[in-house]
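Architecture at a glance
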Amino acid sequence: MSRTTAAATRVRAAAAQLRAATTPGTGSPGTTGATATAHQRLAACADPAVLAELLVVEVERAGYRRVLLVEPVARSRERELEVLAARGDLLLVPGRRFPGADLVRQGPAAVLDLLPGDPSTPRLAVWSPPGVPDAADRVSVLVAVAGACWRALRSAAEARDLTRELQCTQALLGGSVHLAGLGSWTWDPAGGVVRLDERMRQMVGLAATGPDVDLDTWRAWVHPEDRAPFTGVEDPAGHPAGHLGRSAPYPFRVRCPDGAERTFIGVSVPLGAGGATVRGLVLDADASDRTTGELVRLAQCDALTGLANRAVLDARLAEALEHAGPGRAVALVLLDLDRFKLVNDTLGHQVGDALLRQVAARLEEAAPTGATLARLGGDEFVLMVPGVDRPDAVPVMAQSLLRRLRAPIALPGLAEPFVCTSSAGVAVGHEGTSDELFRSADMALYRAKDAGRDRVAVYDRVMREDAESRRQAEHRVRRALRTDGLRVVWQPIVDLRDERLVAAEALVRLHDPVEGVLEPGCFVDTAEDTGLIVDVDSWVLGEVLRQLREWRREGVGLQVSFNVSGKTLEHPAFAHRLAHSVEATGAAGSSLLAEVTERTLIDLSTATRASLGELRSVGARVGLDDFGTGYSSLSYLDRFPLSFLKIDMSFVRPLGQSARADAVVEALIALAHAHGMVVTAEGVETELQARTLREMGCDRAQGWLFGRPVPAAALALPPR
């Protein structure tokens, strides 16, 4: 039985079950009147979402105060439930997920499966048993009807999916035959003719429309020495049964009606139970020979530029490395165009393609003899030079390539010549693998772009050590996240008027089993680059909320300041995690001080703005950290309402010793106060700095003068 037939059978069975469940008189005594009407409404549902909503509505009408319909969601570590529909005084909303164990902890009066024994179907949970007679029986019947509807809808959807899959497969097979240039023929003894499809008629020189040829005509066209494969077609019963299986490919010659003789390669297979009807596929071997060269060219070349493609480059690079040695190095120049995406976005892809062709032509003119020039895709090109005896000459050659590309280019549709700059990464080696050389060139290219573009960077020992250092740092962060190797220390923040402790900043540390305790500078940048900062920030937020809860129990009312990365704010799940964590821990949102960087506000995306809004919605205050360390424009101060500002220690350090520094900090404090922000000075280490800040009207301060970062237990808390 085919998958489609099986699905159709399940649809019919589900429909029969649905009819039985909704037939008056088949349920409990409570299945009349309003209940029968509910059955009809459920049976009329054609969409699972509508069915889910209608079911909880009807169950609520039966008298239950709280109704929840959930669907299991498989996860790697635990099973979660997704809320499909809910009614009553429930906090959960459709689409929200929560651990399956939470449903049990909520203590429902009853949990019913829509399809008993099927763990993949939704479950209905009800609370507050009503005092309505037969309410439980009525709900059981409603669930049974909904389950039958659910099974019918699911089976119908599966049947539709299988039908679409079959149609797609048939279309792909037909397309494959057409793409391969195959013709087909069919011989049916009952009809006495050989039917040729359009491609086959074209191959033998017949008109696209016209009568089918009879068997004698077809035999006459086939060369006498090549008729053996077709003798079985004339009389399948007169030949060994083995012939009726799928044949091996066989060549045969045909004298076509136009007088030309062509060589075909065919394969045939019997159709039907008796094997009388035979179908064959035919390939024009002569045409295949003519196109072999073109196919080889297409397989080896980039379609847009005509340069070698990645497959050819990999083969030649591997060969070059096999023959490399101390005096015969292999050079790889990885080159791409600066801001090429902007060309496509503003001038169009046709202009972008024309630019790529011009770039390829210029690179071909400049490529040394014996080198391989390839396009990897997009605007990325590679020049591979084997047998290099002077590695120091390779960067000079790369600079020459960049100068050549920098010359104005005439492009179609543009009135003025276009100037295109590019960046290049160079790697030279005489051992190792192709992947290692590519990685080295790619790192050099990244360094060239990071340094400002339009330049050449060479992979060297420093870059290699830096890459190894980043790799080790990433490994340390991943291990710390996996083995609970992160720690939080707390630095006091005081009110400058009376030096009273009013807040503490949560600072993350990494405890490495080999290196010991590491400061943020050793791993935070790597966590930012790899995206692990999202997990680090989430862990720190959890520790902050846990500590706030402990201090709240002890009657300590400190605010807690913590850093939030821009990547964390952009993560779609951050806002949900934040709201859920604050709600679950019972922490006061007003005690949270979230610090963001100037870069976050400069690149304020929609997702970031939403996360900042979520922070404010739970009562947290959002402020600017390390103010003044990189951006001259202050317009971002008005892009989002900020509650506080922290002046970077580089401004605080010379206070009291430099009139210029004093004037700058005083202006910053006045600017922040004009925007309604509380000002905190970082890195305060001397009484002179503290006195100067106090005289300027600075609100708060933190630094070694008031306390170094310490564990929570060692923090000098204010008296209760």
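Data block above holds the structure.
What counts as what
Every chain is numbered independently, its residues counted from 1 as its sequence is written. Only residues with pLDDT of 70 or above have their local features reported here, since the model is predicted, and side-chain atom pairs are shown and tallied only from 80 upward, although totals for entire chains, interfaces and linings are computed over all residues. With hydrogens and water set aside, each side-chain value is computed from the structure's full complement of heavy atoms. Starting at the N terminus, helices and strands are each numbered in turn, a helix being any DSSP run of H or I of at least four residues and a strand any DSSP run of E of at least two. Exposure categories follow from relative accessible area, calculated using a 1.4 Å probe and restricted to protein chains: below 20% of the type maximum is buried, above 50% is exposed, and the middle band is partly exposed. Residue contacts are counted whenever heavy atoms from the two residues lie within 4.5 Å of one another. All accessible-area figures derive from a Shrake-Rupley calculation using a 1.4 Å probe, and residue coverage is judged against the displayed protein chains alone. Following DSSP output, two strands are said to pair if at least two bridges run between them. Between the N-to-C directions of two axes lies an angle of 0 to 180 degrees, each axis being a line fitted to C-alpha atoms and, for a helix, fitted only over the stretch in contact. Every angle not falling under 35 degrees, over 145, or within 65 to 115 is termed oblique; those three ranges are roughly parallel, roughly antiparallel and roughly perpendicular. In this scheme the handedness of a crossing depends on how the near helix is turned from the far one: anticlockwise by less than a right angle means left-handed, clockwise means right-handed. Residue polarity follows a fixed list, in which Ala, Val, Leu, Ile, Met, Phe, Trp, Tyr, Cys and Pro are nonpolar, Asp, Glu, Lys and Arg are charged, and the others, Gly among them, are polar. Every case where a carboxyl oxygen of Asp or Glu lies within 4 Å of a side-chain nitrogen of Lys or Arg is listed as a salt bridge.

1. Quick look at the overall build of the chain
What the chain contains, in helices and strands, is 24 helices and 25 strands. Taken across its 720 residues, the chain has 41% of its residues classed as buried. Contacts in the chain between residues at least 24 apart in sequence constitute 61% of all its contacts with a sequence separation of at least 6. Carbon and sulfur atoms make up 53% of the accessible area of the chain, which totals about 36,800 Å².

2. Examining the sheet that holds strand β4 (residues 110–113)
Hydrogen bonds along the backbone pair up the strands of a sheet, which may run parallel or antiparallel. Within the open sheet, the five strands sit side by side as β3-β2-β1-β5-β4. Their pairing is antiparallel. Taken across any chain shown, the strands that pair with only one partner, and hence form the sheet edges, are β3 (97–99) and β4. Adjacent strand axes in the sheet meet at a mean angle of 35° when their direction is disregarded. As paired elements, β4 and strand β5 (residues 123–127) share four bridges and run antiparallel to each other. Residue pairing across strands places Val111 opposite Ala125, the latter belonging to β5. With respect to the sheet, helix α3 (residues 48–61) is in contact with β1 (66–73), β2 (80–87) and β5, its orientation differing from that of β2 by roughly 55°.

3. Observations regarding the sheet that holds strand β13 (residues 372–377)
With respect to topology, five strands assemble into an open sheet ordered β13-β14-β12-β15-β16, the strand pairing being mixed. Sheet topology places β13 and β16 (456–458) at the edges, where each strand pairs with a single neighbour. When strand polarity is set aside, the average angle formed by the axes of neighbouring strands in this sheet is 20°. Sheet topology note: the strand β12 (residues 329–337)/strand β14 (residues 380–388) ladder contains seven bridges and is antiparallel.

4. Concerning the packing of helix α17 (residues 533–553) against helix α19 (residues 574–585)
Relative orientation of the contacting elements α17 and α19 amounts to 20°, with a least axis distance of 10 Å. As the angle between them shows, α17 and α19 are arranged roughly parallel. For the pair α17 and α19, the sense of crossing is right-handed. Residues Val534, Ser538, Leu541, Leu545 and Arg549 of α17 pack against Phe574, Arg577, Leu578, Ser581, Val582 and Thr585 of α19. Its residues assigned to classes, the contact of α17 with α19 comprises six nonpolar, three polar and two charged.

5. Regarding the pattern of salt bridges
According to the stated counting rule, one finds 33 salt bridges in the structure shown. Salt-bridge contacts for Arg41 lead to Glu58; the nearest nitrogen and oxygen are separated by 2.5 Å. Here Glu58 lies in helix α3 and Arg41 lies in helix α2 (residues 34–43), a separation of 17 residues in the sequence. Its salt-bridge partner being Glu465, residue Arg461 comes within 2.9 Å of it at the nearest N-O pair.

6. A closer look at the environment of Ala714
On the secondary structure map, Ala714 appears in the segment after β25 (700–701). The exposure class of Ala714 is exposed, given its relative accessible area of 51%. For the pair Ala714 and Trp490, spaced 224 residues apart in the sequence, the C-alpha separation amounts to 9.0 Å.

Distances and angles like these do not, on their own, reveal function.
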